[in-house]
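# Close look at the chain arrangement
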Amino acid sequence: MTSTYTVVNPATAEAVVDVAMADLVETDAAIERAAEAFPAWRDTAPGEKARLLRRFEAVVDDHVEDLDELEVRNSGHTWGNATWEAGNVRDVLNYYSAAPERLLGHQIPVAGGIDVTFHEPLGVVGIIVPWNFPMPIAAWGFAPALAAGNTVVLKPAELTPLTAIRLGELAIEAGLPEGVFTVIPGKGSVTGERFVTHPAVRKVCFTGSTAVGKRIMAGAADQLKRVTLELGGKSANIVFADADLAKAAASAPAAVFDNAGQDCCARSRILVERSAYDEFVSLLEPAVKAVKVLDPSDRSSEMGPLISAGQHATVKGYVDAAEIAFAGSAPDGPGFWFPPTVVLADDPAATIWREEVFGPVVAVMPFDDEAHAVRLANDTEFGLSGSIFTRDVGRALRVSRAVEAGALSVNSHSSVRYWTPFGGFKQSGIGRELGPDAPHAFTDVKNIFISND
Ligand code: NAP
Ligand code: MG
């Protein structure tokens, strides 16, 4: 029987709307429609696929404001973030709309004929999205998957289905054929699990917790189903004494408190060279206290609430077990508010140093030299992103090569651009999204030899 989920505005704790959750029968029906739509979509001429993706992009562009408004209300994202996120969907669609005509194979020299390779689409791709960045993470999966000739079923997180549902409607409005891109609001334990077990789903592209990611990978083994996994992180922001300390301290809060710290790339461990530690911490304090934590309906808000009461309790549990050095402010009253919080850490075994909090909490620790910094940065099961602040080019290069993480930045914190690859080392994931090669992750290579005779 169909159940419903009541979407809650995290800034006010008020109910927004009830959303019907697909049951197993409805999930199977949507997967089967996607499987039926696959051959025609695969065989649609490359230029026509490209044109439809560009139309989808144009329709998204016409609705950026509506999508922003939905995300502010459903997810508590700031207007600035929501605007970037909807724009990112548009830009990702635009970028991959150029892929159908450029899905090039090789022609390989052989005797007695010719040998060519093709990047063949897989079939139905299942995309499972978390609640922290509902729009971009959806698009990083569906845009390259569609461009490569697959059909897509997409399950948003229960907490944040509204923008995904709207994107599904906009795809139809843009003229994508029925069944090519279907959004299925449903539970992880029902719809998400079915993507793993249904034989017509040939790949699962999952973003979320490391625990669920492992379960999906184990389940996918049964059918040798392809997976891309984007999981958790505990990324290091390494600040050397020779760095522009003012710049490093001014940029550190946004690098961890953006989206209230609910960001897999959050630089939630700051490592500072001991000789610069006191100065850095004294520069960090005013920067943290200056973060404008306001109701996201106020367009000057720089940080909104946590997503749910449950996430609030989790974050509070981590902070209660640690010692707060200083914190910013947050509104009181209803909503799942938590202030930006700084903990000074000295023990690499401490929970706050090791576990992903997924909230506005950062731990700061001193290090002695370059080798010590690298050792501390790599002393984690995760490996998603990280930053290095130094004016020494050689050191920037050495340390960025030595840190075991998929997306690093020097003297900045940018790690996600849709035209560069993104993904994790170690237990932060498998596979890469975005960048020029992303469509290949939704294909298998076929080699064909044609004899001269
Ligand atoms: P989660 O439980 O892993 O949920 C992520 C998605 O998976 C949701 O759509 C969820 O559905 C679904 N799901 C849950 N159980 C499932 C199952 N057994 N089979 C298939 N799908 C299932 O993640 P969360 O705890 O809500 O989100 C926060 C965590 O995600 C963070 O701790 C962070 O580590 C990680 N994260 C990583 C990235 C990244 O890019 N690396 C990005 C965002 C989040 P329901 O909504 O119905 O539970
Ligand atoms: Mg969960």
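That block above? That's the structure.
Residues numbered from 1 in each chain as written. Chains lettered and ligands numbered in written order. Predicted model: local features only at pLDDT ≥ 70, side-chain atom pairs only at ≥ 80, totals over all residues. Heavy atoms only, no water.

### Here we look at the packing of aromatic side chains
Put simply, the rule is: Between rings of Phe, Tyr and Trp, where Trp is taken as its six-membered ring, a pair exists when centres lie within 6.5 Å; planes separated by under 30 degrees are stacked, by over 60 edge-to-face, and by other angles tilted. Secondary structure counts use DSSP, requiring at least four H or I residues in a row for a helix and at least two E residues in a row for a strand, with both numbered from the N terminus. Working definition: with a 1.4 Å probe on protein chains only, accessible area under 20% of the residue-type maximum means buried, over 50% means exposed, and in between means partly exposed. Placement of a positive charge over a ring is assigned whenever Lys NZ or Arg CZ falls within 6 Å of the ring centre and within 35 degrees of the normal to the ring plane.
Under the definition given, this model contains nine aromatic pairs. Aromatic side chains F56 and F181 sit 6.0 Å apart centroid to centroid with 45 degrees between the ring planes, which places their arrangement in the tilted category. Separated by 125 residues along the polypeptide, F56 in helix 2 (residues 46–62) and F181 in strand 7 (residues 181–183) bring together distant segments of the chain. As far as the burial class goes, F56 and F181 line up, both buried. Ring centres of Y418 and W419 lie 4.7 Å apart, and the angle between their planes is 70 degrees; on these two criteria the pair is classed as edge-to-face. A connected cluster of aromatic rings, assembled from ring pairs, spans Y95, Y96, Y418 and W419. Stacked on the ring of F442, the Lys or Arg K203 has its end atom at 4.9 Å from the ring centre. Above the plane of the ring of W79 lies R299, whose end atom (NZ or CZ) is 3.8 Å from the centre.

### What about the packing of helix 13 (residues 370–378) against helix 14 (residues 393–402)?
In helix packing, the relevant descriptors are the interaxial angle and the interaxial distance, both defined with respect to the helix axes. Defined as follows: Every axis in this analysis is a line fitted to C-alpha atoms, fitted for helices over the stretch in contact. Angles between the N-to-C directions lie between 0 and 180 degrees. Any angle that falls under 35 degrees is termed roughly parallel, while one over 145 is termed roughly antiparallel, one within 65 to 115 roughly perpendicular, and all others oblique. Crossing handedness is defined as follows: a turn of the near helix away from the far one that is anticlockwise and smaller than a right angle gives a left-handed crossing, while the clockwise case is right-handed. Should any heavy atoms of two residues lie within 4.5 Å, those residues are counted as being in contact. Residue type decides the class: Asp, Glu, Lys and Arg count as charged, Ala, Val, Leu, Ile, Met, Phe, Trp, Tyr, Cys and Pro as nonpolar, and the leftover types, Gly among them, as polar.
Between helix 13 and helix 14, the least distance of the axes is 10 Å, while the angle of their chain directions is 30 degrees. In terms of axis orientation, helix 13 runs roughly parallel to helix 14. Considering how the two elements wind past one another, helix 13 and helix 14 form a crossing that is right-handed. Touching E370, V374 and N378 of helix 13 are R395, R398, V399 and A402, all from helix 14. Of the residues that constitute the contact of helix 13 with helix 14, the class distribution is three nonpolar, one polar and three charged.

### Let's talk about the sheet that holds strand 4 (residues 113–121)
Rules: Should DSSP find at least two bridges between two strands, the strands are taken to pair.
Spatially, 3-4-18 is the arrangement adopted by the three strands of the open sheet, whose pairing is antiparallel. Both outer strands of the open sheet, strand 3 (107–108) and strand 18 (443–451), are each paired with one neighbouring strand and no more. Sheet analysis places strand 4 next to strand 18, joined by nine bridges and oriented antiparallel. Residue pairing in the sheet places H119 in a bridge with V445 of strand 18.

### Some words on the pairing of strand 8 (residues 201–207)
Threshold: When the strands point away from the viewer, a crossover counts as right-handed if the path from the first strand over the helix to the second runs clockwise.
Extensive coverage of strand 8 is indicated by the burial of six of its seven residues. Taken together, strand 8, helix 8 (residues 210–220) and strand 9 (residues 226–230) constitute a β-α-β crossover, and its handedness is right-handed.

### Details of the environment of E48
To keep things clear, this is the line we draw: Here a polar contact is taken to be a pair of N or O atoms separated by no more than 3.5 Å, where protein atoms must pair a possible hydrogen donor with a possible acceptor and residues adjacent in sequence count only if both atoms sit in side chains.
On the secondary structure map, E48 appears in helix 2. When the C-alpha atoms of E48 and S97 are compared, they prove to be 10.0 Å apart, with 49 residues separating the residues in sequence. Only 3.0 Å separates the side chain of E48 from the side chain of R51, close enough to count as a polar contact.

### Looking at the site of ligand 1
Using the following cut-off: Throughout this document, a residue counts as near a molecule or strand when at least one of its heavy atoms sits within 4 Å of that molecule or strand. Surface accessibility follows the Shrake-Rupley procedure with a 1.4 Å probe radius. Residue values consider only the protein chains on display as shielding. What counts as a domain boundary in this text is fixed by an automatic or database domain assignment.
Near ligand 1, the surroundings consist of 29 residues, among which V129, E158, S209, L231 and E356 are the closest. Contact between ligand 1 and E193: a nitrogen atom at 3.0 Å from a side-chain N or O atom of the residue. Relative to its unbound accessible surface of 890 Å², ligand 1 loses 85% to contact with the protein. Put simply, the parts of the chain that give the shell around ligand 1 at least two residues each are helix 7 (188–197), strand 8 and helix 8. When residues are assigned to domains, the shell around ligand 1 turns out to be shared by domain 1 (3–231 + 427–451) and domain 2 (236–417), each giving three or more.

### Things to note about unusual backbone geometry
A positive phi angle, near 55 degrees, is found at N259, a position not held by glycine. Locating N259 in the fold gives a position in the loop between helix 9 (245–257) and strand 11 (269–273). Residue N259 is classed as buried on the basis of its relative accessible area, which comes to 6%. Backbone geometry places N411, a non-glycine residue, at a positive phi of 55 degrees. Tracing the chain through its elements places N411 in the loop between strand 16 (407–410) and strand 17 (429–430).

### Considering the sheet that holds strand 15 (residues 385–389)
The strand order across the open sheet formed by seven strands is 12-13-14-11-10-15-16, and the pairing between neighbours is mixed. The open sheet is flanked by strand 12 (324–327) and strand 16, the only strands paired with a single partner. Strand-to-strand twist in this sheet, taken as the mean axis angle between neighbours without regard to direction, amounts to 20 degrees. Pairing geometry for strand 10 (residues 236–239) and strand 11, over four bridges, is parallel.

### Describing a nonpolar patch on the surface
The condition that has to hold: Here the term patch refers to residues with relative accessible area over 30% and no salt bridge, with like charges joined within 9 Å and nonpolar side chains (Val, Leu, Ile, Met, Phe, Trp, Tyr) within 5 Å. One side-chain nitrogen of Lys or Arg within 4 Å of one carboxyl oxygen of Asp or Glu is enough to make a salt bridge.
Nonpolar side chains collect at one region of the surface, where I108, V110 and F449 lie side by side and expose about 230 Å² of accessible area between them. Take F449: it is sitting in strand 18. Accessibility expressed as a relative area gives 42% for F449, which makes it partly exposed.

### Re the nonpolar core
As a reminder of what qualifies: Buried Ala, Val, Leu, Ile, Met, Phe, Trp, Tyr and Cys residues that are joined via side-chain atoms within 4.5 Å together make up what is termed a nonpolar core.
Core analysis: the biggest nonpolar cluster contains 50 residues, and F56, F142, L146, V152, L154 and F181 have the highest contact counts within it. Counting residues per element, this core draws most heavily on helix 5 (residues 134–147), which supplies ten residues. Residue assignment places this core across two domains, with domain 1 (3–231 + 427–451) and domain 2 (236–417) each supplying three or more. Not counting residues up to four positions away in its chain, the partners in contact with F142 are F56, V89, L93, I127, V152, L154, L167 and F181.

### Remarks on helix 9
Just so we agree on the cut-off: The span you would expect from a helix comes to 1.5 Å times its residue count less one. What we call the bend at a residue is the angle made by axes fitted to the seven residues finishing there and the seven residues starting there.
The end-to-end C-alpha distance of helix 9 is 19 Å, a good match for the 18 Å that 13 residues give at a rise of 1.5 Å each. The largest bend along helix 9 reaches roughly 30 degrees and is located at S251, with the proline P253 sitting one to four residues downstream. Looking at the buried residues of helix 9, the elements they touch are strand 10, strand 11, helix 10 (274–289), strand 13 (341–344), strand 14 (361–367) and strand 15. Downstream of helix 9 by one or two residues, N259 has phi in the positive range, about 55 degrees.

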